[in-house]
Amino acid sequence: MTDIDAAHRAVLADFADAVRQGMARAQKEIPARFLYDQRGSELFEQITGLDEYYLTRTEIGLIEAHGAEIGGHVGRGLTLVEFGSGSSAKTPPFLRAIGAAAYVPIDISAGFLTQAAADVRAAVPGLSVHPLAGDFTKALTLPADVADTPKLGFFPGSTIGNMTAAEAVDLLRAFRETLGKNAPLVIGIDLKKSADILEPAYDDSRGVTAEFITGILRRLRDDLGADLRREDWSYRSFWNADRGRIEMHVRADVDTSIALGEDRWTIAAGETLHISNSHKYSVEESAILARASGFQQVKCWTDPDALFSLQLWRMLPEDLSW
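Presented here is a report on the structure given in the accompanying data block. Counting restarts for each chain, with residues numbered from 1 along the sequence as it is written. In view of the model being predicted, local features appear only for residues whose pLDDT reaches at least 70, and side-chain atom pairs are presented and counted only at 80 or more, with totals across whole chains, interfaces and linings using the full set of residues. The side-chain figures draw on all heavy atoms in the structure; neither hydrogens nor water molecules are used.

**A few points about the pairing of strand 13 (residues 308–315)**
For strand 13, the tally of buried residues reaches seven of eight residues, placing the bulk of the element in the interior. Bridge count for strand 6 (residues 185–190) against strand 13 is six bridges, and the pairing is antiparallel. Bridged to Gly188 within strand 13 is Leu310. As defined by bridge partners, strand 12 (residues 295–302) adjoins strand 13 across seven bridges and the pair is classed as antiparallel. Residue burial is assigned from relative accessible area. The probe radius is 1.4 Å, only protein chains are included, and a residue is buried under 20% of its type maximum, exposed over 50%, and partly exposed in between. Numbering of helices and strands runs from the N terminus; a helix is a DSSP stretch of H or I covering at least four residues, while a strand is a stretch of E covering at least two. A pair of strands is labelled paired if DSSP reports no fewer than 2 bridges between them.

As C-alpha cells, then:
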C-alpha cells in the first residue's frame, strides 16, 4: 500500500466517524472538509471562476500586487507550505515573488494533489515540490527533505472562514505545530460586507455551488456506502447576520433517512444537514483571531473596495499566546 493509499483510507475512516458524530447532534452536520474529493475539488475550482464569486480574483490581485513586498518581509529561499492547496492555481506567481526554494502543497484529495504538484513543477522550473496528502486540520509531519528548512505557511482562499472561531483557533495552532518555530503565515481572510454581495457568491446562478455542497450526499453514498435517496434533498444557503457568516445546508424536501452500516437516521421534511459556514471578519476581528492562535497580525493588504484581505502573521512566543 502506498502512502497516498494509506492516507485515503485514513480520510474515509475519519469521514465515517465525523458523520456518526454529526448526525447525533440536534442540528445534524457533516464537516465541509469532506466535500473535497476529486469531483468536489473540481467543482470548487469552477466556483472560483464564477462572476458572483469575488473572492479568488480579488485575492489573486492582492497576491500579484503585494507578493514581492511579502517576500521582502519574510526573506527569500523559504519552503512554502500551503494548507488546503487544491489546484495550486494561484500559487506559482507567489512562489516566484517570494523566491521560494521548495513547496509543500497539502490537500485532503490525493488524486487532485498529484496533478496540482505536476502543474506547479511545470510552472516554476527548478522548484523542489513535495506534495503531502492529509488532513491539515491536524498537525502533520512534513517531508524529511524540507524538515530542517525555514518555512512560510500559506493559507489562501479564506478557508479559515469555514470554521467557527474556536475551530479556527485549533486549526491555526495545528499550523504552528506543523510549521515549527518562528514560521510566518500568509493568510487570506474575507471581510464583512453587504448581504447583497455575499449571498449570490454562495448561491450562484449556474448552480455550481449547489452541486458542490450537495456533493456530500454523493460522497456518503459512493465512498461510505450509505443508503440514501439523493432526489430527496436540495441546497439552501443564507447570510446569518447574528453570527457573521454565510451558512450552507442540504435540506430534506420530504421525510427521508440516511443509513450508514448499522446506523440509520430519520430526517423530517424541512430538516437540514449543516455542511459549511463562511465566516466574515473585520480587520480588527482577524487581529484578535491571530492573537488567540499564537500569532500577531503584522501587515494587512486589502483591495480598493475592501472586499478581501491578505494578511501576514508572525508567531508569538508560547508565553505570549492566549
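**Section: helix 3 (residues 54–74)**
His66 marks where helix 3 bends most, by close to 55°. Restricting attention to buried positions, one finds in helix 3 the residues Tyr54, Leu55, Thr56, Thr58, Glu59, Leu62, Ile63, His66, Gly67, Ile70, Gly71 and Val74. Take the seven residues that end at a residue and the seven that start at it, fit an axis to each, and the angle between those axes is the bend at that residue.

**Comments concerning the nonpolar core**
Counting residues in hydrophobic clusters, the biggest one holds 65 residues, and the most contacted among them are Phe15, Val19, Phe94, Leu220 and Ile258. Looking at which element gives the most residues to this core, the answer is helix 8 (residues 208–224), with seven residues. Contact partners of Phe94, with chain neighbours within four places excluded, come to Ile63, Gly67, Ile70, Leu80, Leu152, Phe154 and Val186. With 29 residues, the next largest nonpolar core counts Ala168, Ile189, Ala292 and Phe295 among its residues. In plain words, nonpolar cores are sets of buried Ala, Val, Leu, Ile, Met, Phe, Trp, Tyr and Cys residues tied together by side-chain atoms within 4.5 Å. It only takes one pair of heavy atoms within 4.5 Å for two residues to be counted as in contact.

**A word on the sheet that holds strand 11 (residues 272–279)**
Ordered by their spatial adjacency, three strands build an open sheet running 7-8-11, and the pairing between neighbours is antiparallel. Looking at the sheet topology across the chains shown, the edges are occupied by strand 7 (233–240) and strand 11. Across this sheet, the average inter-strand angle for adjacent strands is 20°, counted without regard to direction. Of the strand pairs in this sheet, strand 7 and strand 8 (residues 245–252) are connected by eight bridges, and their pairing is antiparallel. Within the sheet, the bridge partner assigned to Trp239 lies in strand 8 and is Ile246. Relative to strand 7, helix 8 is tilted by about 115°, and along the sheet it contacts strand 7, strand 8 and strand 11. Angles here are taken between N-to-C directions and fall from 0 to 180 degrees, while the axes themselves are lines fitted to C-alpha atoms, restricted in helices to the stretch in contact.

**Some words on the packing of aromatic side chains**
The rule is short: rings of Phe, Tyr and Trp, with Trp giving its six-membered ring, pair when the centres are within 6.5 Å, and they are stacked under 30 degrees, edge-to-face over 60, tilted in between. By the definition in use, this model includes 13 aromatic pairs. An angle of 25° between the planes, with centres 4.5 Å apart, marks the rings of Phe94 and Phe154 as stacked. Taken together, the positions of Phe94 in helix 4 (residues 91–98) and Phe154 in strand 5 (residues 151–155) put the pair 60 residues apart, joining distant regions of the chain. Each of the two residues, Phe94 as well as Phe154, counts as buried.

**Quick look at helix 9 (residues 283–292)**
Residues three or four positions apart in an α-helix share a direction because the helix packs 3.6 residues into each turn. Every buried residue of helix 9 is accounted for by Ser286, Leu289, Ala290 and Ala292. Down the axis of helix 9, the buried side of the element spans an arc of 165°, and every buried residue falls inside it. Its buried side turned inward, helix 9 meets helix 6 (165–179), strand 6, strand 12 and strand 13. Looking one or two residues beyond helix 9, the residue adopting positive phi is Gly294, at roughly 90°. What the arc covers is the set of directions going from the helix axis to the C-beta atoms.

**Observations regarding the layout of surface pockets**
Space inside the largest pocket adds up to approximately 1,200 Å³. If you trace the largest pocket, you find 49 residues lining it, with Ala32, Arg33, Thr159, Asn162 and Met163 closest to the centre. Mapped onto the lining of the largest pocket, the elements with two or more residues apiece are helix 1 (3–23), helix 2 (38–48), strand 1 (79–83), helix 6 and strand 11. Looking at the lining of the largest pocket element by element, the count peaks at five residues for helix 1. Basically, the charged four are Asp, Glu, Lys and Arg, the nonpolar ten are Ala, Val, Leu, Ile, Met, Phe, Trp, Tyr, Cys and Pro, and anything else, Gly included, counts as polar. When the residues that make up the lining of the largest pocket are grouped by side-chain class, the tally is 16 nonpolar, 19 polar and 14 charged. Definitions used for this entry: grid spacing 1 Å over protein atoms alone; cavity, a set of points where a 1.4 Å probe fits but cannot get out; pocket, an open set with protein on both sides within 12 Å along at least 5 of 7 lines; lining residue, one with an atom within 4 Å of a point. Grid points are joined across faces, edges and corners, and a volume is the space filled by probe spheres set on the points. Reported here for the second largest pocket is a volume of approximately 210 Å³. Together, 13 residues line the second largest pocket, and Arg176, Met315, Leu316, Pro317 and Glu318 are the ones closest to its centre. Broken down by element, the residue count for the lining of the second largest pocket peaks at three residues, all from helix 6. Residue composition of the lining of the second largest pocket, by class: four nonpolar, four polar and five charged.

**A look at the side chain of Lys280**
By secondary structure assignment, the location of Lys280 is in the loop between strand 11 and helix 9. For this analysis, a polar contact is any N or O atom pair within 3.5 Å, provided that within protein one partner can donate a hydrogen and the other can accept it, and provided that sequence-adjacent residues contribute only side-chain to side-chain pairs. Reaching out from Lys280, the side chain makes a polar contact with the side chain of Asp190 at a distance of 2.6 Å. Looking at Lys280, its side chain comes within polar contact range of the side chain of Tyr202, at 2.6 Å.

**Here we look at empty space enclosed by the protein**
A complete count under the given rule lists one cavity of 30 Å³ or more for this structure. In this structure, the largest cavity occupies an estimated 200 Å³ of space. Considering the residues around the largest cavity, the lining is formed by 19 residues, among which Tyr36, Phe44, Tyr53, Asn162 and Tyr202 are closest to the centre. Mapped by element, the contributors of at least two residues to the lining of the largest cavity are helix 2, helix 8 and strand 11. At three residues, helix 8 tops the list of elements feeding residues into the lining of the largest cavity. Each residue belonging to the lining of the largest cavity can be placed in one class, and the counts come to 12 nonpolar, seven polar and no charged.

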